[in-house]
Amino acid sequence: MCATKVLFSRCFAVSKLNTPILSYIQQNSMSVYPNYYIEPIYRKETQQELVKTGEISKYSHIPTKATLNGQTCSDSYDPVIALFTNYVMRQGLKALAREQMDKCFENIKRLQLEKYHKCTTEEEKLKIELDPKKVFHEAINNSKPLLQLTGVKRGGVRYQVPMPITDRRSEFIAMNWLVDAGKEKDRKVRFAMQLARELVDASNNTGKVVKRKQDLHRQCEANKAFAHYRWS
Amino acid sequence: MIRKINLLLEPLKYLKIQQNFEARLISTTVNLFNESTAERPATSVANIKSKNTLNKAMKSYLERAQQHDEFMKTEKHQFEIGKRHLANMMGENPETFTQDDIDNAIEYLFPSGLYDKRARPLMKPPEEVFPQRKAAEFDETGRPYHFLFYTGRPNLYQVLHDTVEKINELNNFEDTMIRKNLQPDPNLALELSGSQWLDKNTLEQKLVEPVSDGEYSNFLKAMDRLCSLPYSHKAKDFIMEYRKPLMSNSEAFDVIKPQIGPDGRQFVTTYECRRKRAIGNVTIRFPGTGKISINGQDINYFKGIQQREQLLFPLIFTNMQRKVDIEAEVQDGGESGQAGAIRYGIAWGLRSFIDQEYIENMRLAGLLTPDFRIRERKKPGQKGARKKFTWKKR
């Protein structure tokens with residue numbers, strides 16, 4: 001027994017010395033997936049588009065990451081709404097955030113229907129959008145800023161310099177403003193109701209959020225003279 | 001090209017040479033001592049000359065080779081003895097004890113919880129454990145065989161040299177094609193999306209040479225240059241030698257064969273579906289009507305809508321909602337973990353009842369990848385996994 005132990009220890013010592021036997025695994029910082037794993041294409045429509053363009057053969061030999069918890073291929077799923085729900089969410093209470101969003105859409109529908117039935121002429125009725133999802137997308141589109149002010153320190157003075165922003169960033173700002181506007185309310189009014197009103201207003205290019213966007217644009221216009229600090 | 005010293009024949013050959021050489025050396029020295037005072041005969045001079053023909057580099061190489069050979073011999077011997085002991089300990093026949101048996105025995109006798117598999121105890125034949133060595137790169141007069149010997153890394157520079165040769169060849173070919181007014185065929189274009197370049201360690205093992213970071217990046221640049229040429233598909237064999245597939249063969253999905261249940265329906269069970277801390281077994285019965293039972297309850301087992309969506313995701317994706325019955329037993333973990341575990345189980349089991357095309361679509365949708373991500377532990381001296389305590393200097 002002792003002899004075998006000695007033998008084993010010898011073999012182990014040997015194994016420590018040498019170069020790795022197992023093939024080298026490509027590490028991707030702290031991620032569990034190696035860096036060549038692609039994001040999953042979980043929407044049926046996107047996959048069909050890829051089939052049409054013939055691009056799908058590119059992905060046939062590349063492994064994919066697992067789909068996330070919140071992503072599905074169901075018809076009711078909308079990636080933008082899912083993103084907005086995540087911005088509404090506080091402290092990881094996703095179920096609550098979803099509930100609020102559902103109520104908000106219901107409220108939008110009610111508000112629009114109310115307006116619709118108050119209309120007297122056919123023309124006015126046609127102008128009112130009854131699909132809450134379309135209202136939502138329109139509201140976000142309308143509240144997206146084009147520019148942003150960033151502090152730049154030159155000669156000890158901090159200048160507010162207008163900078164162009166990416167689409168993703170402007171979308172984030174618009175959504176954040178909308179959530180903020182939903183929270184700015186009377187104690188007796190519910191968040192879902194206030195958010196619905198703000199969304200309807202923004203979809204009509206009026207309301208707090210659109211005003212905030214226009215203010216920012218005005219500020220950027222005023223600080224046009226500092227724009228060169230962006231590169232000099 | 002690369003001759004390996006571990007081959008049985010070559011070391012013996014060298015040994016023979018060396019033995020002869022030693023014998024000659026001894027004889028010459030004896031001769032010298034004996035006849036130092038007397039006239040030197042012509043034969044001894046000839047012997048000295050033949051001694052001089054053996055280069056110093058060759059001499060030291062032969063010594064090293066012999067040392068290595070002896071070392072390997074003893075290692076092999078000890079490995080054989082160890083193997084027999086191990087077989088006896090496990091109560092099996094030492095003659096038929098294979099490497100798999102050794103691995104199992106080691107795992108049984110030295111259970112190790114170490115995370116990295118390379119750090120766990122192992123017992124492998126010495127040929128696998130010790131890195132391979134290069135054979136002599138020069139002849140007995142010290143003249144190198146390889147024209148790139150003095151670069152220090154002949155094999156690596158040979159590859160780079162070949163690459164440049166291929167590039168020139170392809171450029172010439174392109175010129176002739178342009179003269180003929182011909183375009184490269186887009187259908188033949190080199191498809192590299194499913195593979196990647198060998199990483200540095202593998203390249204080092206392949207070339208039996210150390211490769212520095214700079215040299216490795218040079219290698220990548222040269223190879224990328226070759227691949228970017230319009231007619232690179234003509235050098236496909238050469239390029240593919242230095243690439244490895246992204247998906248290993250073990251990852252190829254073998255579809256489980258459905259069994260026949262007592263009610264005459266087909267069924268497939270996926271065991272140990274995991275997500276976060278949850279673990280469960282999922283059985284799919286075909287044909288069915290879309291019944292779902294989770295721990296004896298229906299889909300209302302999950303309170304959240306997101307969890308129910310997750311459960312139905314693979315079914316909706318493959319249009320099998322009303323065609324199969326699902327039975328799942330799941331424990332531990334939270335709601336979303338359990339839902340994720342069942343989702344994986346359903347997707348994995350559904351492969352037995354759908355077309356190959358759908359399986360590929362499911363793979364692309366990330367349904368067939370097990371989600372191994374788990375909560376990162378909290379670290380001492382920090383507030384959370386990454387977050388630090390607030391700290392002010394003063």
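Below or above, wherever it landed, is the structure these notes cover. All values reported here derive from a predicted model rather than from experimental measurement.

**A few points about the packing of aromatic side chains**
In this structure the tally under the stated criterion is 20 aromatic pairs over all chains. Consider the rings of Phe226 of chain A and Tyr229 of chain A, whose centres lie 6.2 Å apart with planes at 25°: the pair is stacked. With a relative accessible area of 18%, Tyr229 of chain A lands in the buried category. These aromatic residues form a ring-pair network of at least three members: Trp197, Tyr216, Phe219, Phe238 and Tyr242 of chain B. Lying across the ring of Tyr242 of chain B, Lys206 of chain B places its NZ or CZ 5.4 Å from the centre.

**Topic: the sheet that holds strand 6 (residues 292-294) of chain B**
Residues and elements named next belong to chain B. In space, the five strands of this open sheet follow the order 3-4-5-7-6, with mixed pairing throughout. A strand with exactly one partner marks an edge of an open sheet, and here the two such strands are strand 3 (259-260) and strand 6. Strand direction decides the pairing type here: strand 5 (residues 278-286) and strand 7 (residues 325-331), joined by seven bridges, are antiparallel. Looking at the pairing, Ile284 lines up with Ile326 of strand 7.

**A few points about the interface of chain B and chain A**
Listed as interface residues are 53 residues of chain B and, on the opposing side, 49 residues of chain A. A buried area of about 4,700 Å², summed over both sides, lies between chain B and chain A, and 60% of it is on carbon and sulfur atoms. Put simply, chain B and chain A have one salt bridge between them. Viewed at the interface, chain A and chain B are joined by 17 residue pairs in polar contact (both at pLDDT 80 or more). Of all the elements in the fold, those that place two or more residues in the side of chain B that touches chain A are helix 3 (56-89), helix 5 (126-129), helix 7 (200-207), helix 10 (305-317), helix 11 (335-350) and helix 12 (356-364) of chain B. The class makeup of the residues in the side of chain B that touches chain A is 21 nonpolar, 15 polar and 17 charged.

**Section: the nonpolar core**
In terms of nonpolar packing, the biggest core is built from 36 residues, with Ile294, Ile342 and Ile346 of chain B touching the most fellow members. With eight residues, helix 11 of chain B is the largest single contributor of residues to this core. What Ile342 of chain B contacts, discounting residues up to four positions off in sequence, is Val282, Ile294, Phe302, Leu311, Ala328 and Val330 of chain B. In this structure, Ile81, Ala97, Cys104 and Phe191 of chain A belong to the second largest nonpolar core, which totals 31 residues.

Reading guide: rules and limits
Residues numbered from 1 in each chain as written. Chains lettered and ligands numbered in written order. Predicted model: local features only at pLDDT ≥ 70, side-chain atom pairs only at ≥ 80, totals over all residues. Heavy atoms only, no water. Phe/Tyr/Trp six-rings, centres within 6.5 Å; stacked < 30°, edge-to-face > 60°. Buried < 20%, exposed > 50% of the residue type's maximum accessible area, 1.4 Å probe, protein only. Lys NZ or Arg CZ within 6 Å of the ring centre and 35° of its normal. Pairing = 2+ DSSP bridges. Helix = DSSP H or I, 4+ residues; strand = E, 2+ residues; numbered from the N terminus. Contact = heavy atoms within 4.5 Å. Buried area = accessible area lost by both parts, 1.4 Å probe. Salt bridge = Lys/Arg side-chain N within 4 Å of Asp/Glu carboxyl O. Polar contact = N/O pair within 3.5 Å; in protein donor to acceptor, adjacent residues only side chain to side chain. Nonpolar A, V, L, I, M, F, W, Y, C, P; charged D, E, K, R; others polar. Core = buried A, V, L, I, M, F, W, Y, C linked by side-chain atoms within 4.5 Å.

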